[in-house]
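Each chain is listed here by its residues.
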Amino acid sequence: MVDVTGKEMDNPTFRSDTVLSDVHLHCPNKRHLMVRLNAVGQPVFLSYFKFLWNPEDLASEKHVKEVTAGREHQYKSGDELCDEDRSNLKKERELNSEGVEALLDDDGDLEVVRRPRSASDLEAEDLLRDIVCPVILMKGREDAFEDEERECTCSNVVKIEHTMATPLEDVGKQVWRAAFLLADYILFKRDAFRCCSVLELGGGTGITSIIMGTVAKRVYCTDVGEDLLAMCEHNVALNKHLMEPGGGEVKVKELDWLKDDFCTDPEVPYSWSEEEIADLHDHCSVIMAADVFYDDDLTDALFRTLHRITHSLRNSCTIYLALEKRLNFTLRHMDVTCEAYSHFRNNLNDLENLQDRKIKYTVEPIKADFCQFLVYERIEQL
């Protein structure tokens, strides 16, 4: 092992047996920033997404209402500030103006006095000054930081391995805002999902399925691509402590929307058993998908998959779809448009108007003004 730290940072040594897929960026006394490079050479990061409230304290909807009674202003754009925030804002303004006077120098130029530094500024600077030390590990030592990861088994943190930027075919390896929105709704309506059997389409990193696994009985988290599914399975393992109290289970499976059948070949990783397919058909009552509407052909394939699967379910089912409207300027329209969302809406209308003797689809919008349980930016386009 080549450990590059301290003075050696200026002259790191790479031996012939150094494997780039085993490079870790590590902050002393803090979590590492980059876990490794994945199979296609993309940096994989481990992020801690914190709950605004401890899930163990959210056992009832009554408790949620009590806790959020004075804090809902944080989750709705345009809401008025509460008394506590007004007081804090007033103090901040007083701090900003304290000791600041409009002074002119000999040439008549304005001299601006820096405002007094607060404790939070000092803390932020300390964080920025942390030395980042790359630790280069030989092949076979991917679990070098397992002990550190195991230490953070807090019930108010979700740990997710993900990438920061990818080509279009690997977008599932990123964490998207609509996944957080859907996770928020699951936590807000947790009693409605308790003990359900759930199917997620396009689960990606698995964060929404993991949150659902804290309340549901069983979640089938599906996507395509062995590398992505392996990342998802690892994320499920990282967060099993969140699901254990409720007895929830998340199973990572392959489900290709461009194919008409489930993959049942036992030689293929993440394939389905006949028992699992039967369990899905017999017990699934919730299907969900988040931020999977970015390509028109895949959107068409998703709606065909929804129609095929719902036709095979024994019980009625509720489908939850979350997405972010992404605005783009197009030369074809010479204007800012949201074509992916428009195509999604057209498919949704076609599904609702579908003439089918066996099944009927009803579409109902959900306002995104419910409580926020995870730390992320809830924007108007969600």
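You'll find the chain entered in an unreviewed UniProt entry as Methyltransferase-like protein 22, with Tyrannus savana given as the organism. Under the UniProt heading Subcellular location (unreviewed entry), the entry covering the chain gives this text: "Nucleus". Listed in UniProt under the heading Subunit (unreviewed entry), the comment for the chain reads: "Interacts with members of the heat shock protein 90 and 70 families; these proteins probably are methylation substrates."

Colleague: How should I be thinking about the environment of I379 in this particular structure?
Modeller: Looking at the element boundaries, I379 is found in the segment after α12 (339-352). Exposure remark for I379: the relative accessible area of 17% places this residue in the buried category. Considered as a pair, I379 and E324 are 55 residues apart in the sequence and their alpha carbons are 8.7 Å apart. In contact with I379, not counting residues within four places along its chain, are R177 and E324.

Colleague: I would appreciate a short explanation of the packing of aromatic side chains in the present structure.
Modeller: Centre distance and the angle of the planes are the two values used to describe a pair of aromatic rings. The full count for this structure, using the stated rule, is 13 aromatic pairs. For the ring pair Y185 and Y320, a centre distance of 5.7 Å and an interplane angle of 45° mean the geometry is tilted. Of this pair, Y185 sits in helix α5 (residues 177-188) while Y320 sits in strand β13 (residues 318-322), placing them 135 residues apart in sequence. In terms of burial, Y185 and Y320 fall into one category: buried. Three or more aromatic residues joined by ring pairs make a cluster, and in this case those are Y185, F188, F193, Y320 and F370. The residue whose ring lies beneath R308 is F262, and the NZ or CZ to ring-centre distance is 5.9 Å. The ring centre of F370 lies 4.7 Å from the NZ or CZ of R378, which sits over that ring.

Colleague: For this particular structure, what's the right way to read unusual backbone geometry?
Modeller: With the exception of glycine, the majority of residues adopt a negative phi angle, and the majority of peptide bonds are in the trans configuration. Notably, Y270 is not glycine yet its phi reads approximately 65°, a positive angle. Here Y270 is to be found in the loop between β11 (249-254) and α10 (274-283). Not every positive phi belongs to a glycine, and D291 is a case in point at roughly 55°. By the element assignment, D291 lies in the loop between β12 (284-290) and α11 (296-312). With relative accessibility at 10%, the residue D291 sits in the buried group.

The rules we used
- Residues numbered from 1 in each chain as written.
- Predicted model: local features only at pLDDT ≥ 70, side-chain atom pairs only at ≥ 80, totals over all residues.
- Heavy atoms only, no water.
- UniProt positions renumbered as here; feature names shortened; annotations may be inferred.
- Helix = DSSP H or I, 4+ residues; strand = E, 2+ residues; numbered from the N terminus.
- Buried < 20%, exposed > 50% of the residue type's maximum accessible area, 1.4 Å probe, protein only.
- Contact = heavy atoms within 4.5 Å.
- Phe/Tyr/Trp six-rings, centres within 6.5 Å; stacked < 30°, edge-to-face > 60°.
- Lys NZ or Arg CZ within 6 Å of the ring centre and 35° of its normal.

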